[in-house]
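# Architecture and fold: a report
For reference, the chains in residue letters:
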Amino acid sequence: MNRPLQQTWDLDVFFPGGSDSPEFAQYMNALEADTNRFRSELDALPSPQTAEAAAALQSFVERLQDLQKRLRQAAAFIGCLSAQNQADRGAVRLGGRLDGIQANYQSAMTRFDVLLAEMPDSVFGQWIGSGAMSELAFNLEERRTQVKDKLPLEQETLANDLAVDGYHGWSALYDTIVKQIRLPYEKDGNMVMLSAGQFFNQLIKEPDRQKRERLFRQWEEMWTAQEDFCADALNRIAGFRLQLYKHRGWDSVIREPLQINRMTGKTLQTMWEVIEKNKPVFIAYLERVAKLMGVERLAWSDLNAPFEGKDTNVSYDEAAVMIEEQFRRFSPQLADFTVRAFEERWVEAEDRPGKRPGGFCTSFPVSKQSRIFMTYSGAGNLSTLAHELGHAFHQHVMNELPPMTQRYAMNVAETASTFAELIVSDAALKQAETRERKLFLLKDKIQRAVAFFMDIHARFLFETRFYEERKSGLVGPDRLNELMIEAQKDAFCGALSEYHPHFWAAKLHFYKTGVPFYNFPYTFGFLFSSGIYSLARREGESFESRYIALLQDTGRLTVEQLASKHLGVDLEQPEFWQQAVDLSIEDVKQFLALTEEG
């Protein structure tokens, strides 16, 4: 691997010139024109009642997949521009234009779905049973079934069009709020102004508890100042969803996220029940960490804190080498891909002002590349880097599949990313030579398990309860704080001394209009990947081809089908979930043994 590695990504390979790129302007013009033409021609297509009429639909399937790839390419480019520089107003304008094109495409897809639903069962079965359509059978059947659950075509089209400036507009407003945030922070004796993302990175990696508590109070005060704006955005997003669900005749707010994630309510319920059953083990861990820190109980700001005084500095180049070496122990293909990603500047990792908080991976399907966004500031971001590389590899192994089969749900999307984290953390733990190093690595692993089992559970509980109250009207900031604290207390079994009341305002995921309930899929992905990793540990490198086959099926099977086919397990039963949780319990037991007095 060439060193030193550049920590800024290369976007010019797609469209040189950023938001002012002439090439991208031409791309958008062609995309808009082709989408308009596709929609108008699809609108004019008669209902396919015969095999001959169904065959005519095949060319539209090819075109819609081409448009899907091009739309994803445009969205990825604009998303990268906005993330790397929140002051890029050109990117905001491009995003608004793309929203309109995507709404037009979604309306066309609603019409396409209606055509599928109108097709007689015998004609549809014959059409997807042979030829090019057979490869898309699962996805076409899924669309045909789901459209029957929705409003008539004209009403769904109107909802899509109104969502651009209504529903999605509130999400954009939240982004505007966050990008203007600046917080003072003392660095090397000087006061500097940090973005929300930079400040949060300093907060979670601060080893001194008193200083960390001051930073947390400052963080809470900042969100208190923004709470009215955030509450407006959150209430309007929820209100739009609830009204749409009501008109569709849906009585559960969890119906859409389950549908999107291709999983049953029984699977979700079983997963949470197994987690609840095992929480006492993780409470014992939190109590032990509190004892080591010399406090009675941990506060929210302690959950991700490093051991006090522990040097956790790992340079970006060192992190790249560590990740590549540990990936190679499991999968040569994954390691080779990782080297390519670093050397071809697929990663934006530079710690600088103006970037949005958080991390993500986005794909450019036309170019068959991905880009990873994060802010790297030391070992605390090592897991994030491995996580996003896992996402990128997932897309990489699907690049040659039909675009319609590449659209996997968030819960299985988190499988590859969390699996990559497990490879890195487990390998590092095995190589640790000192007790102190083992404790540091164990704590890092267990902290992530606590996040998935408790923090994510709190988000799920909060959102479930918030939506129930929102049915009766607007929910004010004070009540949102109360709901958040109640959810956190329930999820952490009352084990903390202090909670994060404004977490609902600080967490971007609550404002993502494209993904309702942006929480439980993370926990599913963590446990699903834990189960896969357990199998991979037993089989070694021979598991690589099986793993890649599983990833390639993530866009064309339900999660229950995926687990049954590739792992031979039933996700609606507790056995698989218990085995997956047991891996984290092993870590807790090792941590408790290493920290026993004497």
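Owing to the predicted nature of the structure, the values given are computational and were not obtained by experimental measurement. (Residues numbered from 1 in each chain as written. Predicted model: local features only at pLDDT ≥ 70, side-chain atom pairs only at ≥ 80, totals over all residues. Heavy atoms only, no water.)

This part takes up the overall build of the protein chain. Each helix and strand counted, the protein chain has 24 helices and five strands in total. Burial status across the protein chain gives 57% buried among its 598 residues. Counting contacts in the protein chain only where the partners sit at least 6 residues apart, residues at least 24 apart contribute 77% of the total. Here the protein chain holds 68 positive side-chain charges and 84 negative ones, and the gap between their average locations is 0 Å. (Helix = DSSP H or I, 4+ residues; strand = E, 2+ residues; numbered from the N terminus. Buried < 20%, exposed > 50% of the residue type's maximum accessible area, 1.4 Å probe, protein only. Contact = heavy atoms within 4.5 Å. Lys, Arg positive; Asp, Glu negative; His and termini not counted. Charge placed at Lys NZ, Arg CZ, Asp CG, Glu CD.)

A few words now on the pairing of strand 4 (residues 360-364). Of all five residues making up strand 4, four are buried, and the element is well covered by its neighbours. Linking strand 4 back to strand 5 (residues 369-373) in an antiparallel pair, the connection comprises four residues, with Lys368 at a positive phi of about 55°. (Pairing = 2+ DSSP bridges.)

So, on to the packing of helix 13 (residues 265-293) against helix 21 (residues 520-539). Relative placement of two packed helices is described by the angle separating their axes and the distance separating the axes. Orientation of helix 13 relative to helix 21, taken along the N-to-C sense of each, is 70°, at an axis distance of 11 Å. As far as their axial angle goes, helix 21 and helix 13 are roughly perpendicular. Between helix 13 and helix 21, the contacting residues are Thr267, Leu268, Met271, Trp272 and Ile275 on the first element and Phe520, Thr523, Phe524 and Leu527 on the second. A breakdown of the residues in the contact of helix 13 with helix 21 according to their chemical character gives seven nonpolar, two polar and no charged. (Axes fitted to C-alpha atoms, helices over the stretch in contact; angles between N-to-C directions. Parallel < 35°, antiparallel > 145°, perpendicular 65-115°, else oblique. Nonpolar A, V, L, I, M, F, W, Y, C, P; charged D, E, K, R; others polar.)

This brings us to the sheet that holds strand 3 (residues 347-348). With respect to topology, three strands assemble into an open sheet ordered 3-5-4, the strand pairing being mixed. Bordering the open sheet on either side are strand 3 and strand 4, each of which pairs with just one other strand. Taken together, the two bridges between strand 3 and strand 5 define a ladder with parallel strand orientation. What sits directly across from Val347, in strand 5, is Ile372. The strands that helix 3 (residues 58-84) touches are strand 4 and strand 5; relative to strand 4, the one it contacts most, it runs at about 140°.

With that settled, the discussion passes to helix 8 (residues 167-179). Within helix 8 the residues assigned to the buried category are Tyr167, Ser171, Tyr174, Ile177, Val178 and Lys179. Structurally, helix 8 contributes buried residues whose contacts are with helix 4 (89-118), helix 7 (153-165), helix 9 (196-205), helix 10 (209-225), helix 11 (227-248) and helix 20 (503-506).

Glancing now at the pairing of strand 5. Counting buried positions along strand 5 gives five out of five residues, so the element sits mostly inside the fold. Of the two faces of strand 5, both are covered, the one formed by Gln369, Arg371 and Phe373 as well as the one formed by Ser370 and Ile372. Where strand 4 and strand 5 come together, five bridges link them in antiparallel fashion. Bridge pairing links Phe360 to Phe373 in strand 5.

Evaluated as defined, the whole model comprises 39 salt bridges. A salt bridge links Arg39 to Asp43; its shortest N-O distance comes to 3.9 Å. Note that Arg39 and Asp43 are positioned in helix 1 (residues 22-43) at a spacing of four residues, about one turn of the helix. Under the relative-accessibility criterion, Asp43 is labelled partly exposed at 41%. A salt bridge links Glu324 to Arg328, with the shortest nitrogen-to-oxygen separation between them at 2.9 Å. Of this pair, Glu324 and Arg328 both sit in helix 14 (residues 316-330), four residues apart, roughly one helical turn. Residue Glu324 is classed as buried on the basis of its relative accessible area, which comes to 15%. Connected through salt bridges with shared partners, the residues Asp426, Lys430, Lys445, Arg537 and Asp587 form a single ionic network. (Salt bridge = Lys/Arg side-chain N within 4 Å of Asp/Glu carboxyl O.)

The next subject is the environment of Glu287. Secondary-structure assignment places Glu287 in helix 13. Sequence-wise, Glu287 and Leu298 are eleven residues apart; in three dimensions their C-alpha atoms are separated by 7.6 Å.

In terms of nonpolar packing, the biggest core is built from 150 residues, with Trp223, Leu286, Phe327, Phe453, Phe462, Trp504 and Tyr511 touching the most fellow members. Looking at which element gives the most residues to this core, the answer is helix 18 (residues 435-470), with 17 residues. What Tyr511 contacts, discounting residues up to four positions off in sequence, is Ser171, Tyr174, Cys230, Ala233, Leu234, Ile237, Trp504 and Ala505. Among the nonpolar cores identified, the runner-up in size contains 47 residues, and Leu11, Met109, Phe112 and Leu116 belong to it. (Core = buried A, V, L, I, M, F, W, Y, C linked by side-chain atoms within 4.5 Å.)

Tallying each qualifying case throughout the model produces 45 aromatic pairs. Residues Tyr285 and Phe591 carry aromatic rings whose centres are separated by 5.1 Å and whose planes lie at 70° to one another, so their mutual orientation is edge-to-face. A residue pair is termed long-range when its members are at least 10 positions apart, and Tyr285 in helix 13 and Phe591 in helix 24 (residues 574-594) qualify at 306 residues. On the basis of relative accessibility, which here comes to 0%, the residue Phe591 falls in the buried class. An angle of 70° between the planes, with centres 5.1 Å apart, marks the rings of Phe330 and Phe419 as edge-to-face. Linking Phe330 in helix 14 with Phe419 in helix 17 (residues 410-431), this pair joins segments that are 89 residues apart in sequence. In this structure Phe330 comes out as buried when scored by relative accessible area, which is 8%. On the basis of relative accessible area, Phe419 is assigned to the buried category, the value being 0%. Stacked on the ring of Trp250, the Lys or Arg Arg248 has its end atom at 4.8 Å from the ring centre. One residue, Lys355, lies across the ring of Phe373, its end atom 4.9 Å from the ring centre. (Phe/Tyr/Trp six-rings, centres within 6.5 Å; stacked < 30°, edge-to-face > 60°. Lys NZ or Arg CZ within 6 Å of the ring centre and 35° of its normal.)

Another point: unusual backbone geometry. One non-glycine residue, Lys368, lies in the positive phi region at around 55°. On the basis of relative accessibility, which here comes to 34%, the residue Lys368 falls in the partly exposed class. Notably, Cys493 is not glycine yet its phi reads approximately 55°, a positive angle. Positionally, Cys493 belongs in the loop between helix 19 (477-491) and helix 20.

Positionally, Thr415 belongs in helix 17. Of note is the side chain of Thr415, whose polar atom sits 3.5 Å from the backbone oxygen of Asn411. For Thr415, the residues in contact, after removing those within four places along its chain, are Gly525, Phe528, Ser529 and Ile532. (Polar contact = N/O pair within 3.5 Å; in protein donor to acceptor, adjacent residues only side chain to side chain.)

Worth remembering: the numbers are spatial, not functional.
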